[in-house]
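# A structural walkthrough
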Amino acid sequence: MTNSSFITAYYNQTQSFLDQYLQDLDPQLSPLVDAMRYSLLGGGKRIRALLVYATGISLSVPEAELDVIAAAIEMIHAFSLIHDDLPAMDDDDLRRGQATCHVAYDEAVAILAGDALHTEAFELLSHNNTQYFQAEQRLKIINVIANSIGQKGMVQGQTIDVLSSGETLELPELIQMHYLKTGRLIEASVHTAYLASGIDNEDLERALLDFASKLGLAFQIKDDILDATADSDTLGKTAGKDNLDEKPTFISVLGLEESEAELAQLHQDILHALSGFPKLLDSPLRELADYVIQRSN
Ligand code: GRG
């Protein structure tokens, strides 16, 4: 994965929390819980969870609170991947190096496992446990997450994506689609950790949002570069799928060389976004930015 001790430690912490959470669900609900476990624990880089921890730890948020936010966001992400792979969407049979949920289980169970993970995320975030955030912070966090995945965010981005197969998109439209589909949840991962800190500093909030939205764009450019250049074994998903599905990508719009140049420029801009906050620039957020840009899958 990476040599970073931060990434390894908080990757493991995310896995343990999610594993424990699923163990507490009713095993009678098999195969539903099995399918949820299969998709939630079967791999994944945990970039969104790591962003929650990196931001929150830099701002002294208690880890028990970050566990909850990170787990909820990973549940939502896993849900979106299950639904994204369905025959009515991308119709893919490989995800995270294993059969997609609807191939391993049946389609109806996969749809329901996605629905259950989506709901479970909000159950976890809203659970009345006083050891976690104050009510006002909790409400803001729930609002930011819901806003980032609904019709103003991920669902809208996915709609544009599904309808854009075979179409040509101009660069600003492509950037907007990915911002909605992928960028908003990445942004929410950083923003919710900031909100959990209870800090009220507009400059800091703006800098973190700027960092996160640029990181989300870099994540997607890297994803398109990998889709065009890596093999399915390395990616754990079907390589070259975008091209096959005639999806507009950064490679189809800019070409490989220009996409790589754009990514290198963004790497600088991402770090520059934090330049007013040396403590953040020197935090695991920097490692994560490097990881997102240098990753091989
Ligand atoms: C979530 C409300 C809601 C609706 C679902 C299906 C759908 C609507 C949206 C799909 C959007 C989607 C799949 C976005 C993510 C695209 C993407 C780049 C996924 C890969 O993320 P990684 O590389 O995956 O972080 P791992 O496997 O490492 O977690």
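Here the structure is shown first, and the text comes after it.
Residues numbered from 1 in each chain as written. Predicted model: local features only at pLDDT ≥ 70, side-chain atom pairs only at ≥ 80, totals over all residues. Heavy atoms only, no water.

Looking only at helices and strands, the protein chain has 16 helices and two strands in total. Relative to the globule expectation of 19 Å for 297 residues, the C-alpha radius of gyration of the protein chain, 18 Å, shows essentially globular dimensions. For the protein chain, the C-alpha atoms occupy an extent of roughly 50 × 50 × 35 Å along the three principal directions. Burial analysis of the protein chain (297 residues in total) assigns 53% to the buried set. The protein chain carries 20 positive and 46 negative side-chain charges, and their two centres are separated by 4 Å. (Helix = DSSP H or I, 4+ residues; strand = E, 2+ residues; numbered from the N terminus. Rg over C-alpha atoms; globule rule 2.2 N^0.38 Å. Buried < 20%, exposed > 50% of the residue type's maximum accessible area, 1.4 Å probe, protein only. Lys, Arg positive; Asp, Glu negative; His and termini not counted. Charge placed at Lys NZ, Arg CZ, Asp CG, Glu CD.)

Here the focus is the nonpolar core. Membership of the largest hydrophobic core comes to 89 residues, with the highest contact counts inside it found for Leu51, Leu208 and Phe211. At twelve residues, helix 4 (residues 63–85) tops the list of elements feeding residues into this core. Contact partners of leucine 51, with chain neighbours within four places excluded, come to Ile186, Ser189, Val190, Phe211, Leu215, Leu285 and Leu288. (Core = buried A, V, L, I, M, F, W, Y, C linked by side-chain atoms within 4.5 Å. Contact = heavy atoms within 4.5 Å.)

So, on to the side chain of histidine 77. Along the polypeptide, histidine 77 turns up in helix 4. Setting aside its immediate chain neighbours within four residues, histidine 77 contacts Arg48, Arg96 and Leu185.

Attention now moves to helix 10 (residues 202–229). End to end, helix 10 covers 40 Å across 28 residues, agreeing with the expected 40 Å (1.5 Å per residue, within 8%). Measuring from the backbone nitrogen of aspartate 203 back to the side-chain oxygen at the start of helix 10 gives 3.0 Å, which picks out asparagine 201 as the cap. (Expected span 1.5 Å × (residues − 1). Polar contact = N/O pair within 3.5 Å; in protein donor to acceptor, adjacent residues only side chain to side chain.)

This part covers the packing of helix 7 (residues 135–149) against helix 9 (residues 171–197). One way to put it is that helix 7 packs onto helix 9 with a least axis distance of 8 Å and a crossing angle of 175°. Between helix 7 and helix 9, the angle is such that the two are roughly antiparallel. Within the contact between the two elements, helix 7 uses Gln137, Lys140, Ile141, Val144, Ile145, Asn147, Ser148 and Ile149 and helix 9 uses Leu180, Arg184, Leu185, Ala188, His191, Thr192, Leu195 and Ala196. For the contact of helix 7 with helix 9, a count of residues per class yields nine nonpolar, five polar and two charged. (Axes fitted to C-alpha atoms, helices over the stretch in contact; angles between N-to-C directions. Parallel < 35°, antiparallel > 145°, perpendicular 65-115°, else oblique. Nonpolar A, V, L, I, M, F, W, Y, C, P; charged D, E, K, R; others polar.)

Another aspect to go through is the environment of isoleucine 270. Within the element layout of this structure, isoleucine 270 appears in helix 14 (residues 256–273). As for isoleucine 270 and aspartate 210, which are separated by 60 residues in sequence, their C-alpha atoms are 7.7 Å apart. Ignoring any residue separated from it by four or fewer positions in sequence, one finds isoleucine 270 in contact with Phe211, Lys214, Leu215, Ala218, Ala289 and Ile293.

A word on a negative patch on the surface. Side chains of Asp91, Asp93, Asp106 and Glu107 sit close together on the surface and give a patch of like negative charge. Within the secondary structure, aspartate 93 is located in the loop between helix 4 and strand 1 (94–95). (Patch = residues over 30% accessible without salt bridge, like charges linked within 9 Å, V, L, I, M, F, W, Y side chains within 5 Å. Areas by Shrake-Rupley, 256 points an atom, 1.4 Å probe, with all protein chains shown as cover. Salt bridge = Lys/Arg side-chain N within 4 Å of Asp/Glu carboxyl O.)

A positive phi is found at serine 60, a non-glycine position, where the angle reads about 60°. Among the secondary structure elements, serine 60 is positioned in the loop between helix 3 (47–58) and helix 4. Positive phi, close to 50°, is recorded for aspartate 91, a residue that is not glycine. Take aspartate 91: it is sitting in the loop between helix 4 and strand 1. Among the residues examined, aspartate 91 registers a relative accessible area of 47% and is labelled partly exposed.

What follows deals with the packing of aromatic side chains. Per the stated rule, a full pass over the model turns up three aromatic pairs. When the ring of tyrosine 38 is compared with that of tyrosine 105, the centres are 5.5 Å apart and the planes differ by 70°; the resulting orientation is edge-to-face. Residue tyrosine 38 is found in helix 2 (residues 32–41), and its partner tyrosine 105 is found in the loop between helix 5 (101–104) and helix 6 (107–126); the two are separated by 67 residues along the sequence. A residue is classified by how much of its surface remains accessible, and tyrosine 105, at 24% relative accessible area, is partly exposed. Linked through ring pairs, Phe6, Tyr10 and Tyr53 together constitute an aromatic cluster. Lying across the ring of phenylalanine 219, arginine 48 places its NZ or CZ 5.4 Å from the centre. Lying over the aromatic face of phenylalanine 219, arginine 295 brings its terminal NZ or CZ to 4.3 Å of the ring centre. (Phe/Tyr/Trp six-rings, centres within 6.5 Å; stacked < 30°, edge-to-face > 60°. Lys NZ or Arg CZ within 6 Å of the ring centre and 35° of its normal.)

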